[in-house]
Amino acid sequence: MAMKCVFFLLMASSLLLLPALGQEVVDLYSDLQSCDVTVAGTGAGDLLKLELFSSGKVLQSKTLALDGPGTWVARWDKMPSTEGSYSARATLFRNGSLLSEKSIDFHHGGRVPVKFDVRDYQADSSGVHLLIYSPDLAIVDIYHMLIKDGKALYVARESPVSISDGIRNIDFDWKQLLVRGEQYSGRVKIVEKETGQTRAFMSSFLAREDARITDTYEDETGASATILGKSMTPFHGFLRFLLAQDERSLATLEKKTPVLLKGDDETIEVSWNKTLNPGIYQLKIQLLGTEGDLIDFTERVIEAKARTNLTAVKTETPKDSSSSMILGLLGLVAFAGIIYVIRGRR
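Notes on the structure follow.

About the cut-offs
- Residues numbered from 1 in each chain as written.
- Predicted model: local features only at pLDDT ≥ 70, side-chain atom pairs only at ≥ 80, totals over all residues.
- Heavy atoms only, no water.
- Pairing = 2+ DSSP bridges.
- Helix = DSSP H or I, 4+ residues; strand = E, 2+ residues; numbered from the N terminus.
- Axes fitted to C-alpha atoms, helices over the stretch in contact; angles between N-to-C directions.
- Core = buried A, V, L, I, M, F, W, Y, C linked by side-chain atoms within 4.5 Å.
- Buried < 20%, exposed > 50% of the residue type's maximum accessible area, 1.4 Å probe, protein only.
- Contact = heavy atoms within 4.5 Å.

Side note on the sheet that holds strand S18 (residues 248–256)
Consideration 1: The strand order S18-S17-S20-S21 describes an open sheet built from four strands, whose pairing is antiparallel. Strand pairing shows two members of the sheet lacking a second neighbour, S18 and strand S21 (294–304), which therefore form its edges. Sheet twist, expressed as the mean angle between neighbouring strand axes with direction ignored, is 15 degrees.

Dropping the structure here:
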């Protein structure tokens, strides 16, 4: 009986230790600008220590408090860089005890043969934008992630991506809604499949609502404008139509737009109080954001023309023509009868 109790106590202790023993750093990438670490099974309150080395000497060190599993990203402070070998290490601690550790080595500078070159990179409220050049055909994997407060909100992988001879423009839209006025970062890692060579790019941006006027229509009775959403920050704005003639304001009409995200479009219509008199009019259409800031505008001209009255012209129908013909024949018959009677009396 005592042996059974000891056995069950040992089993219970093992189960309690499993979560702690199961924590680990599963992936690490770094260059001299930034690094990203993927941690699996982490409980809230664990600490992640990141270190950058050169020739065994610690150049920089950062510590992050983790709130759960995921991919964590840190920027290295700017420093003078020289060509040579470097290494990075990620160490996971819980209550001062080592849980997991991972290190990588990388080389900076010098002539490194690569099959592709990133000519430009940008992240904004709509997504990430890449301009990649390759002199030959290259097959790569592209990882793109949206980051807030040092943690990736999600990581998406595009594979395989072919880069043909020349320059290719690649865009990835954000999969997640953004909060207006919040600070985010966008990061991409490009992995050349044949050699495993990896390059990473990262930039920060402020989430902004955005939309554009893509089409308009205007005449003597009213006007309309089509709005296209350009951001993953929901657009809550309104349109303003300003009608004038010879610099004299005639009407100002405002209409709220529906909530728009990137790729959404909607047409807004307004009517004038009455049909415009003949003449030349100026129309300005303004697209305003949530705070009333000017997002986009366009100006048009309305040429109102005088309306012509259509006069109805009565035409003879085939039925009327037939009736006239019959009447004509009857008249001839009557005339012939009269002649016959007169000749008979003679």
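What follows picks up the thread again.
Let's talk about the nonpolar core
Consideration 1: Leu130, Trp174 and Ile190 are the most contacted members of the largest nonpolar core, which totals 25 residues.
Consideration 2: Of all the secondary structure elements, the ones that give two or more residues to this core are strand S8 (117–123), strand S9 (127–134), strand S10 (138–148), strand S11 (151–163), strand S12 (166–173), strand S13 (183–192) and strand S14 (198–206).
Consideration 3: Examining the composition of this core, we find that four residues originate from one element, S11, more than from any other.
Consideration 4: When neighbours within four sequence positions are excluded, Leu130 is seen to be in contact with Val118, Asp120, Tyr121, Ile142, Arg168, Asn169, Ile170, Asp171, Phe172, Val188 and Ile190.
Consideration 5: Of all hydrophobic cores here, the second largest spans 22 residues; its members include Leu260, Val270, Ile295 and Ile302.

Here we look at unusual backbone geometry
Consideration 1: In this structure, Pro160 follows Ser159 across a cis peptide bond, with omega equal to -15 degrees.
Consideration 2: Looking at the secondary structure, you find Pro160 in strand S11.
Consideration 3: Within the chain, Asp149 stands out as a residue other than glycine whose phi angle is a positive 55 degrees.
Consideration 4: On the accessibility criterion, Asp149 (68% relative accessible area) is exposed.
Consideration 5: A positive phi angle is found at Asp246, which is not glycine, with a value near 55 degrees.
Consideration 6: Locating Asp246 in the fold gives a position in the loop between strand S17 (238–245) and S18.

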